[in-house]
Structures are given as structure tokens and as C-alpha cells.
Amino acid sequence: MKAINPAQVTESSSVAVHDLLTRAATVRARPGVVRLARSFVVLADAATVTAAMLAVLALRHTLPEDTTPVDVAAFTKVWALALPVWIGLFARYRLYHARHITTRRDELTRIVHAVGLGVVGVAVVAYSLDELVPRSWLLSLFAVATVAMAAEREVVRYAFNRLRRRGHCLRPVVIAGTGPEALALATMLGEQPELGYRVVGLVGNPGQSIHPKLVEYGPVLDSRTKVAEQVRMAGATGVLVATTDVDTETSNRLTRTLTDAGIHVELSSSLKDIDATRLSVRPLGRFPVVYVEAVQRDGWRPVAKRGFDIALSSLALIAAVPVLLLAAVLIKASSPGPVLFRQERVGRRGRRIHVLKLRTMVVDAEERLRELHLLNESDGPLFKIRHDPRVTPVGRVLRKLSIDELPQLVNVLKGEMSLVGPRPALPSEVTQWGPELFDRLRVQPGITGMWQVRGRSDSSFSQYQRWDLYYVDNWSMMHDIVILLRTIPVVIASKGAY
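Residues numbered from 1 in each chain as written. Predicted model: local features only at pLDDT ≥ 70, side-chain atom pairs only at ≥ 80, totals over all residues. Heavy atoms only, no water.

J.: Tell me about the overall build of the chain, and name the residues and values.
T.: Tallying secondary structure elements over the chain gives 16 helices and 11 strands in all. Counting only residues that meet the buried cut, the chain has 43% of its 498 residues in that class. For the chain, the proportion of contacts with a sequence separation of at least 24, taken over those separated by at least 6, is 72%. A total accessible area of about 26,700 Å² is found for the chain, and carbon and sulfur atoms account for 62% of it. (Helix = DSSP H or I, 4+ residues; strand = E, 2+ residues; numbered from the N terminus. Buried < 20%, exposed > 50% of the residue type's maximum accessible area, 1.4 Å probe, protein only. Contact = heavy atoms within 4.5 Å. Areas by Shrake-Rupley, 256 points an atom, 1.4 Å probe, with all protein chains shown as cover.)

Quick look at the structure:
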């Protein structure tokens, strides 16, 4: 890597200052958008709580003890006094701070706690007004409000992700570091705007080498001279420290200086592809250290996963019978050949399995593969063509809707596959794997997985590898459930399917 001196990047002070002021003017216009978006979230929460209370009120006559007429005036008073309590509790549980609800799991935990206390608040308000509120009504309110809030926040998350992908509601940050980790962080934040960050500059030491690709991310600020003022001048509200690029003395000094100045500071752990829920910080003398929980794969867990697979795949297969029958008729009517396609794949621990699919290609598709090799649009051992001439018209529709993969539910029932897991690889692909990728064979291959919900055929081989290994290294039943839920909108949208 050719080193670049920071002085070369900022050799013209007038250009650097102009660049900083331009960025600052652009970024300082953003807080108004963020405040407006946050106000809409507060209003959405208030509307959701109101709807939950009305829904439970409408159902009160289904409860044995609720036979008295509805007192609208009393309900209105309870609602008017309790609603600010709910909003205050949501704020108390940091549900309006993006940094604290990055993951759905964390957000849902906070929602459950806040809703629980909100229901208590309703009871207290009603008691203070001498209004009788049945316990069954309160329990129903807790259940309905929790589900409603979780659904509403999922819509809000989707809306914010859309806004961020369009360049709105992004937190301007400066990355402390000028080496490989800083580049990796900057690249990731640029490729995944839904994370909510926009890099507007870097922090480095004079004479420190800078990765050439980092120059495009903004001016390099001097970490030793009024760094807090420089960060604010760049329009940033936070600093992300790439710990492997910054020495211990500098990172400690930056953290103290910036936090004292009211600037948010986040330090990378230098760990990649380790689920954050497995990490916990604890003191070790003067050092805060990160403890990494081991993944538990034995005991009741594999039994629970297998039971979950059998139950859900059985129900899904029964429900899919009409779709499979219709698909079989269309396949037979549109092209000669069998309805089902059996293909050898590599399963857990390298065992060969035959994966079932509805036939979506012409009968001689395997023989024609060689002549299409140069048209491959994927990298690595994967073979993908957006407009594969071997796919039949009916097959194209089946692929778009992922109906062609429904017969794999039989593979799940036979114990050869799981509902969730890495994509079952072809033997020819396995011969081209690197040593690390063989870790995929530690678990059952799946019908859906991290790769499928993150882009499917639009993903590069390196992304495919990283996501599958992430799943293997961080497996849990909760991950399986989340992936299955995320598969539904991906299939409906036909994202990356061809």
C-alpha cells in the first residue's frame, strides 16, 4: 500500500477549510430533519397506544366481568392523563435514541418493559380518578399494546431505512484511524446507510500513513490539536475509533477529550462477525475487557431445532399442497420432462444429499451449463445468470416466488436439511472453497438463511461466505426465528431471485 502523508491531503489550507465549511453547512441542516422524524415517531407511538386502548375497550364485553356500559368520559380522562406517561416511559427506555435500539431484540425488550410500566400507569391513573379497571382489561392491554408497538416500530424501522438509503437522517461521524480497519468501517457504513452513519472526515496523527482509498471520506483532522473543535467544524456529532489503527495512548486521550466536549464516542471491538449479544463488558483492574459468550449447540438446543423444523415444515407442506399441484400441472403443460428435479448437494459433515426442487429449467440444463460458463455474473464458485436461457417461462415465475424450493420441506422432514441454515452447496463448489468455508458443514444446510435474506443472487461470493459463517458462529433459535420472519418480505418482494 502506498502511504500518503496527511500534509499532502491538506496541503492547501484554504481548500481544506472550504471543504470543512461546506460539509458543516450541509450537515447542520440535518438536525431539523432528525427532530421532525423523531416527532413523527412520538406521534406514531401515541396513536398506537390510543388504538390499543380503544381495541381493548371494544373487546371488553367479551370478558365476563365487563358487562357495564362504557363510560366514554371516564375513558377519555384516563386516556388523556395516561398517554403522557406512556410517552415519558418510551423516552425513559431510550426508544427515541437510535443508538440504543440498533437491534430488533434490544428494541423489543425495551418495548416490553415500557409497555408493562405503561399499563401500571393506566391502573394508577384510573385508581386516582376512582375508576374501576378490571385486571383482565389491563392484561389484555399489555398484550395488545406490546404487539401493536412492535408492529408499529417495525414499520418505523422500515421507513427510517428507506430515508437513510436516500441520504436522510444519517448521523455525521468522524473515524479516528487511517489504516485498514478505518477503511473497512468507512466502506461498511457507505455500503449500509441503514446503519445510520455518514463519514465526514478522519482523525490521524501528523506523519501517519493514510490508506489511499480513505482520502475520499473527507479531510484528515489532527488528533493532537483542538480535536473537538475540528470535529464540530467538520459537522460531526460523533467519533468512531478504529481501535487497531490507533495506539492506546491516542485512543484514551481522544475518548477523554471528546466525551468531555459532549461528542459521542464509539470504539470498535476489533472483532468482526461476532454477534453483539454475545459480548459483555466487565472491569479487569483498570481495563474494561470484552467477554465473548460461547455459542451453545448441545443439550436441548438441537432437539428444539429439530422439533421446530418438523412441526413447521409439516404445517407448511400441508398448506403448500394446492400450490404444488398447480405448479406441477403448469410445469407439465409448458415443457417436457419431470416435475421434480433432484440434485446432489453437500450436507452436514460433508454427507451427500439429494435436494428436491420443482423443475424450472429445460431437461438438458446440466449439459448446457458448459456453454454458458463465460456468461456467469457471480464471482467465486457460484454460478448465476440474471437471464438464464435454460429457465422456462413457468420456471421463471416459480423462481421469483420461491415456489420451486417448496419440495425441500421433504428434505427437512427427512433430516437432511433444516428450515434455516447455509445454502446446500454443489460438490463442484466445495472443491473451490477455502479452508475457512468448510465450517459451513458443521450445521445442516437450510431452505433459507442469512444469505437469502440479505440479497440472495445479488450478493457477491465474499458476502455469501461471510453471512453463512456468521450464522454458523452465532447460531441460536432466536436467530432462526428472526431469519424465517425476514424471509417472508424477501420472498414477497422477489428480492434477488432469478
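J.: Got a sec to walk through helix α11 (residues 393–400)? Specific residues and values, please.
T.: Three or more residues of α11 are buried, namely Val394, Gly395, Leu398 and Arg399. The buried residues of α11 occupy an angular sector of 135 degrees when projected down its axis, which confines them to one face. Those residues of α11 hidden inside the fold are in contact with α10 (300–334) and β9 (352–358). Following α11 by one or two positions, Ser402 has its phi on the positive side, about 60 degrees. (Arc of directions from axis to C-beta.)

J.: Residues and numbers for the pattern of salt bridges, please.
T.: Per the stated rule, a full pass over the model turns up 14 salt bridges. A salt bridge links Arg442 to Asp473; the nearest nitrogen and oxygen atoms lie 3.8 Å apart. With Arg442 in the loop between α13 (427–430) and β11 (446–448) and Asp473 in helix α15 (residues 461–473), this residue pair connects regions lying 31 residues apart in the sequence. Taking the relative accessible area as the measure of exposure, Arg442 reaches 36% and is therefore partly exposed. It is possible to trace a salt-bridge network through shared partners that takes in Asp45, Glu107, Glu152, Arg153 and Arg157. (Salt bridge = Lys/Arg side-chain N within 4 Å of Asp/Glu carboxyl O.)

J.: Explain the sheet that holds strand β5 (residues 264–267) to me, using residue names and the numbers behind them.
T.: Strands sit in the order β3-β2-β1-β4-β5 across an open sheet of five strands; the sheet is parallel. Since the sheet does not close on itself, it has two edges, and those belong to β3 (220–222) and β5, each with one partner. For this sheet, the mean angle separating the axes of adjacent strands, direction not counted, is 30 degrees. Relative to strand β2 (residues 197–204), strand β1 (residues 171–176) runs parallel, the two sharing six bridges. (Pairing = 2+ DSSP bridges. Axes fitted to C-alpha atoms, helices over the stretch in contact; angles between N-to-C directions.)

J.: Account for the nonpolar core, naming residues and giving values.
T.: Core analysis: the largest hydrophobic core is formed by 41 residues, its most contacted members being Leu358, Leu398, Leu419, Trp433 and Tyr471. Breaking this core down by element, the ones donating at least two residues are α10, β9, α11, α12 (408–413), β10 (418–420), α14 (450–453), α15 and α16 (477–493). In terms of residue count, the dominant contributor to this core is α15 (seven residues). If you look at the next biggest cluster of nonpolar residues, it comprises 33 residues, including Ala52, Ile87, Ile101 and Cys169. (Core = buried A, V, L, I, M, F, W, Y, C linked by side-chain atoms within 4.5 Å.)

J.: Before we move on, can you summarise a nonpolar patch on the surface with the specific residues and values?
T.: Side chains of Met478, Ile481, Val482, Leu485, Ile488 and Ile492 sit close together on the surface and give an oily, nonpolar patch of about 550 Å² of accessible area. With respect to the helices and strands, the residue Val482 is situated in helix α16. (Patch = residues over 30% accessible without salt bridge, like charges linked within 9 Å, V, L, I, M, F, W, Y side chains within 5 Å.)

J.: So what's going on with the pairing of β1? Which residues, and what values?
T.: Among the six residues of β1, six are classified as buried, and the element is accordingly described as predominantly covered. Of the two faces of β1, the one carrying Arg171, Val173 and Ile175 and the one carrying Pro172, Val174 and Ala176 are both buried. You can see the chain leave β1, run along helix α7 (residues 180–191) and come back into β2, and the turn it takes is right-handed. As defined by bridge partners, β1 adjoins strand β4 (residues 238–241) across four bridges and the pair is classed as parallel. By the bridge assignment, Val174 is partnered in β4 with Val239. (Right-handed = clockwise from strand over helix to strand, strands pointing away.)

J.: Any details on the environment of Val472? Residues and values, ideally.
T.: Of note, Val472 is situated in helix α15. Distance from Val472 to Gly421, taken between C-alpha atoms, is 8.0 Å for residues 51 residues apart in sequence. Those residues in contact with Val472 that lie beyond four places of it in its chain are Arg297, Pro422, Asp439, Arg440, Arg442 and Val443.

J.: Before we move on, can you summarise the packing of aromatic side chains with the specific residues and values?
T.: Under the definition given, this model contains two aromatic pairs. The ring of Trp451 carries the charged tip of Arg423 above its face, separated from the ring centre by 5.8 Å. (Phe/Tyr/Trp six-rings, centres within 6.5 Å; stacked < 30°, edge-to-face > 60°. Lys NZ or Arg CZ within 6 Å of the ring centre and 35° of its normal.)

J.: Can you break down the pairing of β4 residue by residue, with the values?
T.: Burial along β4 is two-sided: the face carrying Gly238 and Leu240 and the face carrying Val239 and Val241 are both buried. Bridge analysis of β4 against β5 gives four bridges, and the strand direction is parallel. Bridge pairing in β5 links Leu240 to Glu266. For the crossover from β4 across helix α9 (residues 248–260) to β5, the handedness is right-handed.

J.: Break down unusual backbone geometry for me, citing the residues and quoting the values.
T.: The phi torsion at Arg94 lies on the positive side, around 60 degrees, for a residue other than glycine. Considering the arrangement of structural elements, one finds Arg94 in the loop between α4 (72–92) and α5 (104–128). At Lys226, a residue that is not glycine, the phi angle is positive and equals roughly 40 degrees. Structurally, the position occupied by Lys226 is in the loop between β3 and α8 (227–233).

J.: I'd like a description of the confidence of the model for the chain, backed by residues and values.
T.: Counting all residues, the mean pLDDT for the chain is 83, and 86% of those residues have values of 70 or more. Scored below 50 in pLDDT, residues 1–29 shows 47 contacts in the model against residues more than four places distant or in partner chains. (pLDDT = per-residue confidence, 0-100.)

J.: I'd like to hear about the environment of Arg359, residue by residue, with values.
T.: Relative to the helices and strands, Arg359 is located in the loop between β9 and α11. Along the backbone, Arg359 and Ile331 are 28 residues apart, and their C-alpha atoms lie at a distance of 7.4 Å. Among all residues touching Arg359, those that are not within four sequence positions of it are Ile331, Ser335, Pro336, Gly337, Pro338, Val339, Leu340 and Phe341.

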